[in-house]
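Architecture at a glance
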Amino acid sequence: MASKLHFFLLLTVSCASLHMSMAGDPDILTDFIPPPAFLGAPSGNYFTFTGMRSLVGEPFPTTFKVLKATMIEFPALEGQSVSYSVLQFPNGTVNPPHTHPRASELLFVLMGSLQVGFVDTTNKLFTQTLQEGDIFVFPKGLVHFQFNGDAKNPALALSAFGSASPGTVKVPSAVFNSTIDDQVLALSFKTDVATIQKLKSGLSG
């Protein structure tokens, strides 16, 4: 009986370890994922992303803006378990609470300062004010935000992700721009349907 229990324990641990090892992007069995055959053999161009050139010499945006280099914009990233985003924060702007369900995020502040934070599964809030040169990690799947509280100066940050397709779920939009029934939302937020509808109208633009 003891030996059988030991066997099942080892089997459970092995299955859990296998699940953990497969929790990120799947491993590939080649050096890289080539482009479709009709596009021809890959060259250096396939491994080069030029989408960030728009940052060079351009005026800073007047609203919060994200430029992404994920598998969608840069197909060569497929199977490489990495991606980037450049975040531009004019003064007083926010990247609203959101999650990345498939990756942790490493944020590097290149210019200005940012107030950042995330909430863990016990609803504990971890916050920090970052200066130029600081790096902050947002654990995978947790709700987090970034805010440029400086009334005069913009901020610029670079985010690296441990997935070629980290995904983004924007909490306000996912809740109030979805088709979740107003009554369900009203009960969940302990308010009335009129308030829910007002919130929805404010986020519909």
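Structural notes, computed from the coordinates.

Thresholds applied
Residues numbered from 1 in each chain as written. Predicted model: local features only at pLDDT ≥ 70, side-chain atom pairs only at ≥ 80, totals over all residues. Heavy atoms only, no water. Buried < 20%, exposed > 50% of the residue type's maximum accessible area, 1.4 Å probe, protein only. Helix = DSSP H or I, 4+ residues; strand = E, 2+ residues; numbered from the N terminus. Pairing = 2+ DSSP bridges. 1 Å grid on protein atoms, 1.4 Å probe; cavity = no way out; pocket = protein on both sides within 12 Å on 5 of 7 lines; lining within 4 Å. Points joined across faces, edges and corners; volume = space filled by probe spheres on them. Nonpolar A, V, L, I, M, F, W, Y, C, P; charged D, E, K, R; others polar.

Where burial is concerned, most of strand E9 (residues 155-161) is hidden: five out of the seven residues are buried. In the sheet, strand E2 (residues 83-89) pairs with E9 via seven bridges, with the strands oriented antiparallel. Among the inter-strand pairings, Gln88 is bridged to a residue of E9, identified as Leu156. Here six bridges tie strand E4 (residues 105-111) to E9, and the two strands are oriented antiparallel to one another. Pairing of Leu107 across the sheet is with Ser159, part of E9.

Here Asn123, not a glycine, exhibits a phi torsion of approximately 70 degrees, which is positive. Inspection of the secondary structure puts Asn123 in the loop between strand E5 (114-119) and strand E6 (125-130). By relative accessible area, Asn123 is classed as exposed at 67%. In this structure, Lys190 takes a positive phi of about 55 degrees despite not being glycine.

Attention now goes to the layout of surface pockets. Estimated volume of the largest pocket: approximately 470 Å³. Lining of the largest pocket is provided by 23 residues; of these, Val66, Lys68, Asn95, Thr168 and Lys170 occupy positions nearest its centre. When residues of the lining of the largest pocket are traced back to their parent elements, those giving at least two are strand E1 (65-69), E2, strand E3 (94-99) and helix H2 (171-176). With three residues, the single largest contributor to the lining of the largest pocket is E3. The class makeup of the residues in the lining of the largest pocket is nine nonpolar, ten polar and four charged.

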